[in-house]
Amino acid sequence: MGYPATEFVRQFRTAVVPAAGLGTRFLPATKAVPKELLPIVDTPGVELVAQEAAAAGAERLVLVTAPGKESLAAYFAESRELEQTLVERGKTALLAKVRHAPNLLTVRTVLQQRPLGLGHAVLQAEQALDPDEISVAVLLPDDLVLPCGVLDAMSRVRRRYGGSVLCAFDVPRAEVGAYGVFDVAPADGDPNVLRVNGMVEKPAPADAPSTYAAAGRYLLDRAVFDALRAIGPGAGGELQLTDAIALLIAQGHPVHVVVHRGTRHDLGNPGGYLRAAVDFALNRTEYAAGLRVWLLDRLGVDDVRHSGAA
Ligand code: UTP
């Protein structure tokens with residue numbers, strides 16, 4: 001599904017990207033390399049979400065990092081020496097790639113000293129906001145939501161209803177147990193915009209209130225920071241963003257969800273990350289043909305394009 005280009009609807013200036021987690025599912029690699037910098041072909045997930053935020057009109061990125069993850073900030077800084085070397089060698093295409101991340105938007109980092117949960121990470125970003133910023137976007141860098149554009153749809157919903165807007169995917173009922181699942185009611189007749197009554201973490205399929213699973217895009221009213229301060233630790237002893245959103249709903253704050261009819265890649269685990277890498281490589285002219293032939297051979301599948309089968 002694509003999103004139509006419409007008038008400028010942005011409801012936020014700052015996009016928060018929480019990237020201070022331990023990345024335990026990628027150990028041992030994440031002993032030394034933040035999972036947010038692992039490349040999808042050649043570009044880290046954190047650059048892909050920064051690009052998405054910039055395309056949605058964000059002026060700055062607040063990157064929540066942790067001690068030992070300094071390479072994340074370095075990734076968004078200019079590399080003068082490297083750029084000079086590429087200039088001298090006439091490597092203009094590579095130069096453009098190297099300059100892409102630093103030129104996307106202004107990046108500020110804030111530290112989360114200890115991995116106390118996604119909610120706690122988002123709370124650290126409040127200090128970086130200007131007093132007049134009444135809402136903020138949050139993008140999880142291990143979640144690719146494709147094609148880009150869902151933040152624009154979410155901004156339109158906030159402009160209409162106020163409050164906070166989340167993003168969901170419609171998943172097969174048998175798979176709901178892997179996700180946070182929304183309890184929803186119709187909003188205005190648009191099947192892709194629903195009012196959220198609550199959320200259930202990892203329900204059994206029979207108990208799930210819907211098949212709409214949460215994805216890592218949030219457009220949050222500034223009230224979320226008070227809610228984060230008001231809640232205590234939840235699942236896993238961590239401060240959970242979903243608990244703060246549940247509190248907002250209980251307080252009568254409007255929360256809606258935009259159902260994204262597209263693709264999602266979960267980069268937070270090796271299996272999802274590999275799928276994303278293969279998907280992106282198959283879209284790259286320099287890798288697609290060779291990868292396709294190799295994959296088919298590896299899987300023992302005849303290439304229908306050459307075998308004559310329909
Ligand atoms: P995840 O739970 O997917 O990341 O959080 P994780 O904790 O690093 O990974 P595992 O479970 O140990 O493998 C989603 C996003 O929230 C950030 C993560 O960096 C990731 O981008 N996060 C999570 C924080 O910034 N701080 C936290 O305390 C927890």
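Just above, that's the structure.
This one's a predicted model, so the numbers in the text were calculated from it and none came from an experiment.

Parameters and conventions
- All residue numbers here refer to positions counted from 1 along the written sequence of the relevant chain.
- Residue-level local features of this predicted model are given only where pLDDT is at least 70; pairs of side-chain atoms are given and counted only at 80 or more, and the full residue set underlies all totals for whole chains, interfaces and linings.
- Side-chain measures were taken over the full set of non-hydrogen atoms in the model, leaving aside hydrogen atoms and water.
- Between Lys or Arg on one side and Asp or Glu on the other, a salt bridge is scored when a side-chain nitrogen of the former is within 4 Å of a carboxyl oxygen of the latter.
- By the criteria applied, helices consist of DSSP H or I runs no shorter than four residues and strands consist of E runs no shorter than two, each listed in order from the N terminus.
- Per-residue accessibility, obtained with a 1.4 Å probe over protein chains only, is compared with the maximum for each type, and a residue is labelled buried under 20%, exposed over 50%, and partly exposed between these values.
- Pairing of aromatic rings covers Phe, Tyr and the six-membered ring of Trp, with a centre-to-centre limit of 6.5 Å; geometry is then stacked below 30 degrees between planes, edge-to-face above 60, and tilted otherwise.
- When two cysteine sulfur atoms lie within 2.5 Å, the pair is treated as a disulfide.
- To be near a molecule or strand, a residue needs just one of its heavy atoms within 4 Å of it.
- Pairs of N or O atoms within 3.5 Å make up the polar contacts considered here, provided that, within protein, one atom can donate a hydrogen while the other can accept it, and that residues adjacent in sequence are counted only when both atoms are side-chain atoms.
- The Shrake-Rupley method, run with a 1.4 Å probe, gives the accessible areas here. Residue values count only the displayed protein chains as cover.
- In this count, Pro and Cys sit with the nonpolar residues alongside Ala, Val, Leu, Ile, Met, Phe, Trp and Tyr, while Asp, Glu, Lys and Arg are called charged and the others, Gly among them, polar.
- Here, axes are lines fitted to C-alpha atoms. For helices the fit covers the stretch in contact, and angles between N-to-C directions go from 0 to 180 degrees.
- Any angle that is under 35 degrees is reported as roughly parallel, and any over 145 degrees as roughly antiparallel; angles of 65 to 115 degrees are reported as roughly perpendicular and all others as oblique.
- Put simply, a crossing is left-handed when the front helix is turned counterclockwise from the back one by less than a right angle, and right-handed when it is turned clockwise.
- In this analysis, two residues are considered to be in contact whenever any of their non-hydrogen atoms come within 4.5 Å of each other.

A. Expanded view of the pattern of salt bridges. Per the stated rule, a full pass over the model turns up 19 salt bridges. For arginine 10, the salt bridge goes to glutamate 59, with nearest N and O atoms at 3.0 Å. With arginine 10 in the segment before strand S1 (14-18) and glutamate 59 in the loop between helix H1 (45-55) and strand S4 (60-65), this residue pair connects regions lying 49 residues apart in the sequence. Between aspartate 221 and arginine 158 there is a salt bridge, with its nearest N and O atoms 3.0 Å apart. Of this pair, aspartate 221 sits in strand S11 (residues 212-221) while arginine 158 sits in helix H6 (residues 150-161), and the two are 63 residues apart along the sequence. The exposure class of aspartate 221 is buried, given its relative accessible area of 18%. With relative accessibility at 8%, the residue arginine 158 sits in the buried group.

B. Representation of the packing of aromatic side chains within the structure. A full pass over the atoms with the stated rule returns 2 aromatic pairs. Note on phenylalanine 26 and tyrosine 273: the rings are 5.6 Å apart at their centroids and 85 degrees apart in plane angle, and the pair reads as edge-to-face. Taken together, the residues span a long stretch of sequence, with phenylalanine 26 in the loop between S1 and strand S2 (39-40) and tyrosine 273 in helix H9 (residues 270-282) at a distance of 247 residues. Residue class for tyrosine 273 comes out buried when judged on its relative accessible area of 16%. Aromatic side chains tyrosine 75 and phenylalanine 76 sit 5.6 Å apart centroid to centroid with 90 degrees between the ring planes, which places their arrangement in the edge-to-face category. A relative accessible area of 27% means that tyrosine 75 is categorised as partly exposed. A residue is classified by how much of its surface remains accessible, and phenylalanine 76, at 7% relative accessible area, is buried.

C. Structural detail: unusual backbone geometry. The linkage connecting leucine 27 with the following residue, proline 28, adopts the cis geometry, with an omega of 10 degrees. In this fold, proline 28 is placed in the loop between S1 and S2. A positive phi angle, close to 65 degrees, is found at valine 41, a residue other than glycine. Following the sequence through the fold, valine 41 ends up in the loop between S2 and strand S3 (43-44). Overall, valine 41 belongs to the partly exposed group, its relative accessible area being 28%.

D. Representation of the state of the cysteines. Per the counting criterion, the structure on display carries 0 disulfides. Just so you know, cysteine 148 is unpaired, no disulfide at all, and the nearest cysteine sulfur is the one on cysteine 167, 11 Å from it. Exposure remark for cysteine 148: the relative accessible area of 43% places this residue in the partly exposed category. On the basis of relative accessibility, which here comes to 0%, the residue cysteine 167 falls in the buried class.

E. How the structure looks around the site of the ligand. The environment of the ligand is made up of 18 residues, and the closest members are Ala20, Gly23, Thr24, Gln112 and Gly117. Here alanine 19 contributes a backbone N or O atom positioned 3.5 Å from an oxygen atom of the ligand. Contact between the ligand and glutamate 36: an oxygen atom at 2.8 Å from a side-chain N or O atom of the residue. Computed on the free molecule, the ligand has an accessible area of 560 Å², of which 84% lies beneath the protein chains in the complex. Residues that form the shell around the ligand fall into these classes: 9 nonpolar, 5 polar and 4 charged.

F. View of the packing of helix H3 (residues 80-88) against helix H4 (residues 92-104). One way to put it is that H3 packs onto H4 with a least axis distance of 9 Å and a crossing angle of 160 degrees. On the basis of their axis angle, the class for H3 and H4 is roughly antiparallel. Seen along the crossing, H3 lies across H4 with a hand that is left-handed. Contact with H3, carried on its side by Leu82, Glu83, Leu86 and Val87, involves Leu94, Leu95, Val98 and Arg99 of H4 and no other residues of that element. Residue composition of the contact of H3 with H4, grouped by class: 6 nonpolar, no polar and 2 charged.

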